[in-house]
Each structure stands twice: as structure tokens, then as C-alpha cells.
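Letter by letter, the chains look like this.
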Amino acid sequence: DVLYSTSASRVHMAQPFITRHAKVGLLSEWEPAYDVLHPCVYDVKLPPGQVNCCQCEKCVRTMLSLVAWGALERFSTFPPDDLTPEMIARTPPNPGIHFIQTPGIVDHLRAVSTAIAVLAVE
């Protein structure tokens, strides 16, 4: 990868065509990531112990994928509360990235919401 390689190192991408949502799915089952996942792109001062702002597009997109994989509560680097519609609505748009259109994410979210609805009825 010419963006990350130097004359001293070479970077080769493994599985370059896997979607970001699928990568988050792999992380959702990988316990070493539970306390270190840091997708945040904001450079802001956060409270002690907090590593993600949970407001930038990348944080919200990652949280949305984790909800879709049923894994958000496993990650201590995000708040223990669930992702809210308000958080998604106030996410700054990122041209070229439409996270709700990520392949697979809508199907996963529908499955999660259906399971929650079934549990609520029981």
C-alpha cells in the first residue's frame, strides 16, 4: 500500500475487498479488541478513561455496526448505553460514505430489532 509503505517497510492489505461492516463483525467476536477499539477521528479532550467521542461519523458508524452484530455492550471503549436515533441524526455527513447503505448492515439491524420486538412481547 503506497499510502502507508516506506522505503523501510512494506504494508500489504489482507482482504482489501471486505466491507467495513464485515470487519467490525470480525472484531465483535475478538475479545482483545473489547477494551481497545478506537475508531474516533476527532482530536478533542475527552474525560479520563474515554477514548472515543461517540459523536463523529466514524464512532457512530462503528457503534451502528456493533449494534447490528449484537456486540456494542462488549466494548468498554463506547458508552454502555445503546446507540440512539438522535446520535445517528446529529452525525455530521461524510460525503462518499453513507453508512446506512453499507452492505449487510440493514439486514443485521432488522434482525436485531425483530429479536428485540419478540423478546418484548414474551
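Shown above is the structure to which this text applies.
Conventions adopted
- Residues numbered from 1 in each chain as written.
- Predicted model: local features only at pLDDT ≥ 70, side-chain atom pairs only at ≥ 80, totals over all residues.
- Heavy atoms only, no water.
- Helix = DSSP H or I, 4+ residues; strand = E, 2+ residues; numbered from the N terminus.
- Salt bridge = Lys/Arg side-chain N within 4 Å of Asp/Glu carboxyl O.
- Buried < 20%, exposed > 50% of the residue type's maximum accessible area, 1.4 Å probe, protein only.
- Axes fitted to C-alpha atoms, helices over the stretch in contact; angles between N-to-C directions.
- Left-handed = near helix turned anticlockwise from the far one by under 90°.
- Contact = heavy atoms within 4.5 Å.
- Nonpolar A, V, L, I, M, F, W, Y, C, P; charged D, E, K, R; others polar.

**A word on the environment of Tyr-42**
At step 1: When you line up the elements, Tyr-42 lands in the loop between helix H1 (20–28) and helix H2 (57–68).
At step 2: Between the C-alpha atoms of Tyr-42 and Glu-57, which are 15 residues apart in sequence, the distance is 9.5 Å.

**Considering the pattern of salt bridges**
At step 1: This structure, assessed with the given rule, holds two salt bridges.
At step 2: With a closest N to O distance of 3.4 Å, Arg-74 and Glu-29 form a salt bridge. Taken together, the positions of Arg-74 in the loop between H2 and helix H3 (85–89) and Glu-29 in the loop between H1 and H2 put the pair 45 residues apart, joining distant regions of the chain.
At step 3: The class of Arg-74 is partly exposed, set by a relative accessible area of 29%.
At step 4: A residue is classified by how much of its surface remains accessible, and Glu-29, at 57% relative accessible area, is exposed.
At step 5: The closest approach of N and O atoms between Glu-57 and Arg-61, which form a salt bridge, is 2.6 Å. Of this pair, Glu-57 and Arg-61 both sit in helix H2, four residues apart, which is roughly one turn of the helix.

**Side note on the packing of H1 against H2**
In helix packing, the relevant descriptors are the interaxial angle and the interaxial distance, both defined with respect to the helix axes.
At step 1: Direction vectors running N to C along H1 and H2 enclose 65 degrees, while the axes themselves pass 9 Å from each other. Relative to H2, the crossing made by H1 is right-handed. The segment H1 lies against H2, with Arg-20, His-21, Val-24 and Ser-28 engaging Lys-58, Arg-61, Thr-62, Ser-65, Leu-66 and Ala-68.
At step 2: In terms of residue class, the contact of H1 with H2 is built from three nonpolar, four polar and three charged.

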